[in-house]
Amino acid sequence: MRLVEAIDVGRTVQIPDADPLTILRGIDLTVEAGERVSIVGRSGSGKSTLLNLLGLIDSPTEGELRILGEDAARLRGARRDRMRGREIGFVFQQFNLLPGRTAIENVQTPLLYAGGASFWRRERIAREMLERVGLGERTAARPERLSGGEQQRVAIARALVRRPRLILADEPTGALDLETGGTVMELIEEVAAETDAALVTITHDPAIARRADRHLRLSEGRLVPLDDPVPAGSAA
Amino acid sequence: MNALARIATGFVSAVAEAMEELRIHRGRVLLSLVGVAVAVCALATVVGAGAVAEQGVRETSERGGGRAATATFNVNATTPPEPERVDAAWREVLDRYAVAYGTRLSYGEMLVQFTDGAVAVPVQAVDPAYGIIHRVRVSEGVWFGDADAERLAPALVINEAFWDRLGRPPLATHPTVELLGEGGRTAVVVGVTPRNGEWDTEPTAFMLADAYASLPVPGGTGSSMMGSLLPSFEAWIDRNQADPIVEAIRRDFAAALGDGAQVDAFRTDYAAFGDDPLLFVKLLVVGVAVVILLLGALGLVNIALVTVRTRIREIGIRRTFGATAGRVFFAVLMESVVGTFVAGVVGVGAAILLVRSPLMTMVLGGGELEDLPGFPIEAAVIGLGSAVLVGALAGILPAFAAIRVRVIDAIRF
Ligand SMILES: Nc1ncnc2c1ncn2[C@@H]1O[C@H](COP(=O)(O)OP(=O)(O)OP(=O)(O)O)[C@@H](O)[C@H]1O
Ligand SMILES: [Mg+2]
């Protein structure tokens, strides 16, 4: 199944008292179920902006974008929100954990909007997911008390807890050491494989990028294929 | 999953989310909720105490003027008809209009032998129904029953001062009183009415009208203070159609008495004086309570608005995990409602304790209420209802603020 289909997509933002800023232009991208795609690019190249488009958080200003076969431009209101909650799992660059809530409460949040059995069994589901990311002992801790890497793992558990079909991860290992990063990546891939989900990962880390099936690079607002994710001269 | 279950789950999850939010922001909301609780307590207390006080006012007026609707009928005739004929006509008219409670009423006097001398004691000669129409309370013994008419020795219901003069004998011993005058009689005390205020220090008594009529004229003091030998008549009538029935009784009563007899009729109960003599007090009290509550609501809106602004980013995060705008609206609204509901429960609980406290009952009813009302359900309902309403009103503005922001802007906030 084709989860993402972007044709000539662009994103331009209006800036007060200045010319409009085109962040993305002419993006063509398809992602199939079960596929793993990595995207690299310089800071400010528009990676997070692209991920927001794919995640139905933002809307393109040009081109056509279909997510799970639905025209993103026509997907509005509650239907758009529900589909985002059900089908898409986000790992934000800045984690975006809810302050004041414990780790397990944060992981439960998506299940509050799931309804049915997932809602009623949210605590158990969340606990299992935290155990899988290695935080079974820290369920009652608040994000403020967790290390950066632990916070990132809470964010990952929260993104996966509803078993999304499209996982969008913005530097999911940015705060983790090499070894933990590898373990966490393995976990994300494992959960993705269980549901044949697609995984789009933004990363600066060549080792992480190399785990993907397909490698892309954002540069000057355009998406270009990348044959070898390992930059020249890297020993890895 | 059917639609109903989905809605129910949605409701429960929104409330669960609201409670979690309340817990997180408890510091901020607690103070305004205390305000709401105080306001609800004030409102419920005022409504509850109002009901108790109203009962007090009503009972006092009923003791004087009879229950609603009580009418008094006076017979005027140049040549007074035979008392027996008047009584018979009265009973017949009562029967005709199915009036269950009617009484004769005349004021007189009897000469009573106390241990320290003879005293002329004012007497009200009545029928047993008088006790019901006027809510007469007895602190000892009983009010007249139908059987008292059969007694050879007339029955007396005396006041506390009278009883004091007798040396407060237990009524179980059937204390008797010597009535002086030509062919004096012995009367039996069957009941004692409690003291009715500071001034109630002189002995008085009730006697059944027939018994009183059969008394010999007391020693030279005159038999009536009303200037008429005929008693007046009172009837307790269904208040919903009081006026036509009063008029019909007046007409038929006069007709039955025949030539030249005239009957005046007038209402004496509190309800006859305007629709509701307590309406003004009630409106005033409710007005004050509503102002208190609105002040509480204002504080709540203010705080809720501030908290929502600081939470725009959080709300954006929730939206990315599937919270619809409607869901966010409802959850923010619920936060306010759940909070004020809890505050309402606390407020109503405090109001119940207040109103039921013996001190309050004493202040409100002078401790003399016969039908002491429990805490009125309507006060609890009004208290809780207004708490929820205020919560909903206070929550609507922040709820709109919460959904106005686009998800992408909230995330980048
Ligand atoms: N709504 C907006 N208004 C103005 N500028 C924006 C807006 N959204 C994004 N930008 C700009 O577009 C550029 C791309 O931003 P984006 O966050 O996508 O970069 P990125 O590739 O994720 O960078 P990084 O690797 O540092 O996270 C940045 O210069 C950013 O300031
Ligand atoms: Mg970024």
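Residues numbered from 1 in each chain as written. Chains lettered and ligands numbered in written order. Predicted model: local features only at pLDDT ≥ 70, side-chain atom pairs only at ≥ 80, totals over all residues. Heavy atoms only, no water.

Asker: Which parts of the structure should I look at to understand the overall build of chain B?
Answerer: Each helix and strand counted, chain B has 13 helices and 10 strands in total. Expressed as a percentage of the 413 residues in chain B, the buried residues total 47%. Relative to all contacts within chain B whose residues are 6 or more apart in sequence, the contacts with residues 24 or more apart total 80%. Accessible surface, chain B as shown: approximately 20,100 Å² in total, 63% of it carbon and sulfur. (Helix = DSSP H or I, 4+ residues; strand = E, 2+ residues; numbered from the N terminus. Buried < 20%, exposed > 50% of the residue type's maximum accessible area, 1.4 Å probe, protein only. Contact = heavy atoms within 4.5 Å. Areas by Shrake-Rupley, 256 points an atom, 1.4 Å probe, with all protein chains shown as cover.)

Asker: What am I meant to see in the site of ligand 1 here?
Answerer: Neighbouring residues of ligand 1: Val-13, Ile-23, Arg-42, Ser-43, Gly-44, Ser-45, Gly-46, Lys-47, Ser-48, Thr-49 and Gln-93 of chain A together with Arg-412 of chain B. Taken together, the residues near ligand 1 originate from chains A and B. One nitrogen or oxygen atom from the side chain of Lys-47 of chain A is found 2.7 Å from an oxygen atom belonging to ligand 1. Summarising the interface, the protein chains cover 68% of the accessible area of ligand 1, which totals 640 Å² for the free molecule. Of all the elements, helix 1 (residues 47-54) of chain A adds the most residues to the shell around ligand 1, at three residues. Residues belonging to the shell around ligand 1 are distributed by class as follows: two nonpolar, seven polar and three charged. (Near = heavy atom within 4 Å. Polar contact = N/O pair within 3.5 Å; in protein donor to acceptor, adjacent residues only side chain to side chain. Nonpolar A, V, L, I, M, F, W, Y, C, P; charged D, E, K, R; others polar.)

Asker: Looking at this structure, I do not really get the coordination of the magnesium ion (ligand 2). What am I missing?
Answerer: Between any two of four tetrahedral donors, the ideal angle at the metal is 109.5 degrees; between two of six octahedral donors, it is 90 or 180 degrees. All names here are of chain A. Donor atoms from the polypeptide that coordinate the magnesium ion (ligand 2) comprise Ser-48 (OG) and Gln-93 (OE1), at 1.9 to 2.2 Å from the metal. With Ser-48 in helix 1 and Gln-93 in the loop between strand 6 (88-91) and helix 3 (103-112), the pair connects residues that are 45 residues apart, well separated along the chain. On the basis of relative accessibility, which here comes to 26%, the residue Ser-48 falls in the partly exposed class. (Donors = N, O, S within 2.8 Å, 3.2 Å for Na, K, Ca; no water.)

Asker: What's the story with the sheet that holds strand 2 (residues 21-32) of chain A in this structure? I'm lost.
Answerer: Residue and element names in this part refer to chain A. Strand order in the open sheet made by the four strands is 2-1-4-5, with antiparallel pairing throughout. Both edges of this open sheet fall to strand 2 and strand 5 (70-71), since each of them pairs with a single strand only. The sheet contact formed by strand 1 (residues 2-13) and strand 2 spans eight bridges and is antiparallel. Bridge pairing in strand 2 places Glu-5 opposite Thr-30. Helix-sheet contacts for helix 1 involve strand 1, strand 2 and strand 4 (62-67), and the interaxial angle to strand 2 is about 55°. (Pairing = 2+ DSSP bridges. Axes fitted to C-alpha atoms, helices over the stretch in contact; angles between N-to-C directions.)

Asker: Would you take a moment to explain the environment of Val-308 of chain B for this structure?
Answerer: One can find Val-308 of chain B in helix 8 (residues 279-310). Along the backbone, Val-308 of chain B and Val-332 of chain B are 24 residues apart, and their C-alpha atoms lie at a distance of 8.4 Å.

Asker: What is the right way to look at the interface of chain A and chain B in this model?
Answerer: How big an interface is tends to be reported as the loss of accessible area on association of its parts. Taken together, the contact pairs 29 residues of chain A with 26 residues of chain B. Taking both partners together, chain A and chain B bury about 2,500 Å²; carbon and sulfur atoms supply 60% of that area. There are four salt bridges connecting chain A and chain B. Here Arg-319 of chain B and Asp-81 of chain A are joined by a salt bridge, their closest N and O atoms 3.0 Å apart. Mapped by element, the contributors of at least two residues to the side of chain A that touches chain B are helix 2 (77-87), helix 3, helix 4 (116-120) and helix 6 (148-160) of chain A. Residue composition of the side of chain A that touches chain B, by class: 13 nonpolar, seven polar and nine charged. (Buried area = accessible area lost by both parts, 1.4 Å probe. Salt bridge = Lys/Arg side-chain N within 4 Å of Asp/Glu carboxyl O.)

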